[in-house]
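Now for the letters of each chain:
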Amino acid sequence: MRPLRLYLRSRRVPVALATTVTTVAGLAWLNRVTDHTPALPLLAVLVGAALTGPGLAGDDIELDRTAAWRWPLWRTVHIGAAGVAVVAVVTAPAVVGASVAPLGQVLRDAVGLVGLVALTAATLGAQHAWIPPVTWSLLALTVLPRLWPPGEPTLSERVLTWMVQPAGPAPTTTAVTLGVVGAIAYAARGPRR
Amino acid sequence: MRRLDADEIAPTAYAWPIEAQQLRVRAGRRMAVDGLDLALGPGVHGLLGPNGAGKTTLVRALATVVRPASGTLRLLGEDVSAGSGLRGVRRQIGYLPQEFGYYRRFTVREFVEYVAWLKQMPPAEVPGAVQRAIDRVGLTDRADHRMRTLSGGMVRRAGIAQAIVNDPVILLLDEPTVGLDPDQRLQFRTLLRDLAADTCVVVSTHLVEDVAAACTDVMLIDDGRLVFRGVPADLAAAADNGVGDAPDDGGGAGGARGDSPHERGYSTIMRRHRRERAR
Amino acid sequence: MTSRIVRIEIRRSAARWAGLLSLPLLLFAFGDLGRGSGVLATGHRQTLVLFVPLALGVGAWQARRDRRSRMEELLITTPRPAWHRHTVTAAALVAGVVVGAWLVYALLTGYITAIGAFTSFTGVAVFGVSTLFLVAAVLLGLAVGRLAPWVVTPPLLTLGGFVLMILPEAVLPVESEAHPLPGTRLLIPAETGGVSRFETLTGSALAAQATWAAGLAVAALVLALASGYRRLAAAAPVAVSLAVAASLLPAQARDAVVLDPSAIAAVCTDDAPRICVTAVQRPALADLRDPARDALRILASKLPQAPTSVSEAVLDTRAGQYLTPDRATVLYADLPTTARTGRIAVPAEDLLFGLLIGAGTPPCPFAFDLPRAQRAAYDTARVVAALWLLDRPPSSVPRDPYWWWWLPDDAALTAAYDALLARPADEQRARVAALRAAEVTCVAGDRLATLLGTGE
């Protein structure tokens, strides 16, 4: 257990977890108080996903790489556990009756957004990992729908604004693809400088 | 060649650029520098000592990064122990930290220029001073490349360039030769010898050979205290062949350890000092 | 020397990202540009819910630079005061934000001018105030980033800023007759005042918003540059600008909305008969001309005292009546134009039909509040008038949902149409003329009764 404990501390996981729990609790309370703001479920998952970003790389990437662990396996477990943790924290308020969102939606958003975070960490570095999910989600919530005429969303709209779409095959497939590609990329390459 | 103004050629109002009495500096909870007395004038002063001896803390205190816990520290005649009125002193200090951080996106020239601005150099002098500093460290062909494209040794040299850009009176270099290849180390020693004439340079390093070759003056520090002060020749002369000393470290042929006279001198002095402390 | 350093900072800091964060404004190019640059500025103001959080994130990201590069040790040993450094960085970021935003606005306004749509001066003022809010946001991001230079600050600040921006709409009550919006609602950055494309905010309301935004920007600058207890000085500009803004704002938000004279100015054809549109609808004039002249011809042939020109009726929502005084013309409102180009969205013959509804009059404001059954009767009378003028059966009514709040009921239409045609020809003409007269003066009453002569 000690290696695990040291690993978690080196990646500052306890702090990230505490911050996520506090922020999601605040959002859940806000959700209650304001009579369900539509974007809040997505924002809660975004907070969780963004906070997993820094933990994907240690302070010294080169040093980590020289460790004799089976890194691909370890990293897969890390990213999987991060996704599970995000889902758990966001659905936890439902236990005390302040549900943020249905489980299916949280699961879909978490898989896609955490996958995107992992993909960014593998390509652009862990400190930049929060930028694509947050920017894409905010764009989808505000201006991205302008690209298409109003009315029934087309396939391209459902794919490109997947995080704000209701449950359906196209958004779910997009989310799962992002999750899988991101997890594989991160497990194989590790975080980039 | 640059223009000297009246202030620079006027005789100084102080005796020593760096003067310390009973200097005590804390590093975390430890008293890393413990009762140090120093008077350093122009020249290259090498600072040697084991890890944790307080070299870096001493250099940081001289750079006014940390305030002394007690004792007096006078830089350029100004008492800096209180931590106020440092602006004038800082204009004439150059510092290369052990962990040299830099803006990766800046080019070398931009970075040195930025540091020159930070040191409040007169604007008219800056372009010339920047070019001179870059030339002196041998980065002329890389001057317009971004800092993040430089190798470790080049980064270090850029660090030296930013430290010397304002022609400082006090120059503090902490591990300046890390990452430099042998050729660059030789060039660096030449640079140090050039600076020795009018600058008070303090070089903290682990490499005894660098100290031996370029320094006018060597200080050995152990456990926050000054153990030895003298010219490099004295350091070499201090090496003995173990005659009359009780063997305390197993192995070795009874003589002082080291591959050069200076290294042997260093280890002799350290051993003697530790034995005396243990008593 | 400092200008050189600012230029270095502009090149090498996050200033370019501060400029690029305005790029999503280009997505508007896929939507409403046909409505003119006033609508563009208003839309941008609403979309501050996106741009302000992004600006906060950029500022917080930049603030971490010293920690990220581990330059703090070296920076301590330099004589130049820290606020000099922060000023230079702040200047670079502000320059980036402002230049980026205005470049995109200029680009889109150029496109708007190229397609012949309406360019608005008040839109420039509105956009200027929005830019001030963006400047305040990026400086606030810088300030918070300095206070909390952790890795998680940029994302949390971005998301937190977004929550704050969408909160007013979720929390504050919706406007209704009983609870009109207070004037202070206009202090919310993303609040537009509900202006339509014909309207704008009064000069004092804009000045109030500008003062408030400027106060926020100055306060954020103080926070970003100062250290320690001196940061408390930031409360002063906030308080002062709030007081000034509150004094300039009207008691109710709707009093801050006025018709924009340049937007409702008439743009007409050169030759007679004159066909006019409001300046906002200028791209539609070319498509409108021929169907409008056909409508005039039909009216002249079928009705006495026929109108001789066509112009757009502008509704003054506060007064509750149409603005255009001269109602001896064919009037229309709500021209069916596309948002993208401002051209007419329906075929010419459907446009002709629409112009002749109510015998060339727009619906009266009192009808907007009628209960559904009476509204249906009102609309039926107006549509039957058009059918009579065009001599077409009720089945030929256009089914384009663009035209209708709800589609007219075929049975009611047929019944009314047959009832009208059952009258002698002279009486039909008189009835339709009476309908037009009633609609022109907008007296309250049952138009169906007027048309069919039942219950005078």
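Every value quoted in this text rests on a predicted model; they were computed, and no experiment measured them. Once a new chain begins, its residue numbering starts again from 1 and follows that chain's sequence as written. Key to labels: chains lettered from A, ligands numbered from 1, both in the order written. Only residues with pLDDT of 70 or above have their local features reported here, since the model is predicted, and side-chain atom pairs are shown and tallied only from 80 upward, although totals for entire chains, interfaces and linings are computed over all residues.

**Q** Run through the overall build of chain A, naming residues and quoting values.
**A** Working definition: helices are DSSP H or I runs of at least four residues, strands are E runs of at least two. Numbering for both runs from the N terminus. Of regular secondary structure, chain A possesses nine helices and zero strands. Each helix and strand of chain A, ordered N terminal to C terminal, gives the series α-α-α-α-α-α-α-α-α. Our radius of gyration looks at C-alpha atoms and nothing else; its globule reference is 2.2 Å times the residue count to the power 0.38. Radius of gyration (C-alpha) of chain A: 17 Å, near the 16 Å computed for a compact globule of 193 residues. The principal-axis extent of the C-alpha atoms belonging to chain A is close to 55 × 35 × 25 Å.

**Q** I'd like a rundown of the domain arrangement of chain B, residues and numbers included.
**A** Residue and element names in this part refer to chain B. Boundaries between domains were set according to an automatic or database domain assignment. For chain B, the assigned domains are domain 1 (15-92 + 169-234) and domain 2 (99-167). The centre of domain 1, based on its C-alpha atoms, is set 22 Å off from the matching centre of domain 2. We call two residues in contact if the C-beta atoms placed from their backbones are at most 7 Å apart. In this complex, domain 1 contributes eleven residues to the contact, which on the side of domain 2 involves eleven residues. For the side of domain 1 that touches domain 2, the elements supplying multiple residues, two or more each, are strand 7 (170-174) and helix 7 (182-195). In terms of residue count, helix 7 provides more of the side of domain 1 that touches domain 2 than any other element does, three residues in total. In terms of residue class, the side of domain 1 that touches domain 2 is made up of six nonpolar, three polar and two charged. When residues are grouped by polarity, Ala, Val, Leu, Ile, Met, Phe, Trp, Tyr, Cys and Pro land in nonpolar, Asp, Glu, Lys and Arg in charged, and all others, Gly among them, in polar.

**Q** Can you break down the interface of chain C and chain A residue by residue, with the values?
**A** If you look at the interface, chain C gives 21 residues, while chain A gives 21 residues. At the level of secondary structure, the elements contributing two or more residues to the side of chain C that touches chain A comprise helix 4 (48-63) and helix 9 (153-171) of chain C. The biggest single contributor to the side of chain C that touches chain A is helix 9 of chain C, with ten residues. Among the residues forming the side of chain C that touches chain A, the class breakdown is 18 nonpolar, three polar and no charged.

**Q** Any chance you could break down the sheet that holds strand 2 (residues 30-40) of chain B for me, citing the residues and the numbers?
**A** Whether parallel or antiparallel, the strands of a sheet pair through hydrogen bonds between backbone atoms. Residues and elements named next belong to chain B. Criterion used throughout: strands pair if DSSP finds at least two bridges between them. With respect to topology, four strands assemble into an open sheet ordered 2-1-4-5, the strand pairing being antiparallel. A strand with exactly one partner marks an edge of an open sheet, and here the two such strands are strand 2 and strand 5 (78-79). Strand direction decides the pairing type here: strand 4 (residues 70-75) and strand 5, joined by two bridges, are antiparallel. Residue arginine 74 lies in a different strand from strand 5, and its bridge partner there is aspartate 79. Throughout, an axis means a line fitted to C-alpha atoms (over the contacting stretch in the case of helices), and angles, computed between N-to-C directions, take values from 0 to 180 degrees. Most of the contacts of helix 2 (residues 55-62) go to strand 1 (residues 18-27), to which it runs at about 120°, and overall it touches strand 1, strand 2 and strand 4.

**Q** Please give an account of the arrangement of the chains that cites residues and values.
**A** Counting contacts across all two pairs of chains found in contact, the highest total belongs to chains B and C. Separating chain A from chain B is a minimum C-alpha gap of 11 Å, and the two share no contact.

**Q** Requested: an account of helix 7 (residues 131-141) of chain A, with residues and values cited.
**A** Backbone-placed C-beta atoms define the burial measure: a residue is buried with 20 or more other C-beta atoms within 10 Å of its own, exposed with 12 or fewer, and partly exposed in between. Taken together, the buried positions of helix 7 of chain A are occupied by Ile131(A), Pro133(A), Val134(A), Ser137(A), Leu138(A) and Leu141(A). Those residues of helix 7 of chain A that are buried lie in contact with helix 3 (40-52) and helix 6 (103-124) of chain A together with helix 4 and helix 9 of chain C.

**Q** Give a detailed account of the environment of Thr338(C), specifying residues and quantitative values.
**A** All names here are of chain C. Looking at where threonine 338 falls in the secondary structure, it is placed in the loop between strand 8 (330-332) and helix 14 (348-356). Separated by 306 residues in the primary sequence, threonine 338 and aspartate 32 place their C-alpha atoms 8.3 Å from one another. For threonine 338, the residues in contact, after removing those within four places along its chain, are Gly34, Arg343 and Ala345.

**Q** Give me the lowdown on the sheet that holds strand 7 of chain B, citing residues and values where you can.
**A** Residue and element names in this part refer to chain B. Spatial strand order, 6-7-8-3-9-10: six strands in an open sheet with mixed pairing. Each edge of the open sheet is held by one strand with a lone partner, namely strand 6 (93-96) and strand 10 (225-230). Taken pair by pair, the neighbouring strands of this sheet meet at an average axis angle of 15°, ignoring direction. Where strand 9 (residues 217-222) lies against strand 10, five bridges are found, and the strand directions are antiparallel. Bridged to valine 218 within strand 10 is glycine 230. Against the sheet, helix 6 (residues 152-164) engages strand 6 and strand 7, with an angle of about 165° to strand 6. In this fold helix 10 (residues 261-278) packs onto strand 3 (43-48), strand 9 and strand 10, with an angle of close to 35° to the strand it touches most, strand 9.

**Q** Explain the interface of chain C and chain B to me, using residue names and the numbers behind them.
**A** Counting residues at the interface gives 15 residues for chain C, matched by 24 residues for chain B. Secondary structure elements with two or more residues in the side of chain C that touches chain B: helix 1 (2-12) and helix 6 (72-76) of chain C. Of the residues that constitute the side of chain C that touches chain B, the class distribution is seven nonpolar, three polar and five charged.

**Q** Let's hear about the pairing of strand 6 of chain B: which residues, and what values?
**A** Residues and elements named next belong to chain B. In strand 6, alternate side chains face the same way, and those of Ile93 and Tyr95 on one face and Gly94 and Leu96 on the other are all buried. The sheet contact formed by strand 6 and strand 7 spans four bridges and is parallel. Bridge assignment links leucine 96 to a residue of strand 7, and that residue is leucine 173.

**Q** Which residues make up the nonpolar core, and what are the values?
**A** The biggest cluster of nonpolar side chains holds 229 residues, and the ones touching the most others in it are Leu43(A), Ala55(C), Ala136(C), Val138(C), Leu139(C) and Ala220(C). When residues of this core are assigned to their parent elements, the largest contribution, 15 residues, is made by helix 8 (residues 121-147) of chain C. In this structure Ala55(C) touches Ala18(C), Leu21(C), Val97(C), Leu134(C), Ala137(C), Val138(C) and Gly141(C), once residues within four positions along its chain are discounted. Remark: nonpolar core denotes a set of buried Ala, Val, Leu, Ile, Met, Phe, Trp, Tyr and Cys residues whose joining runs through C-beta atoms within 7 Å.

**Q** Could you give an account of unusual backbone geometry, naming the residues involved and the relevant values?
**A** Residue and element names in this part refer to chain C. The backbone of arginine 70 shows a phi angle near 60°, a positive value even though the residue is not glycine. Its location among the elements puts arginine 70 in the loop between helix 5 (65-68) and helix 6. Notably, cysteine 442 is not glycine yet its phi reads approximately 55°, a positive angle. For cysteine 442, the location among the structural elements is in the loop between helix 17 (425-441) and helix 18 (447-452). Look at cysteine 442 and you get partly exposed, because 17 C-beta atoms sit within 10 Å.

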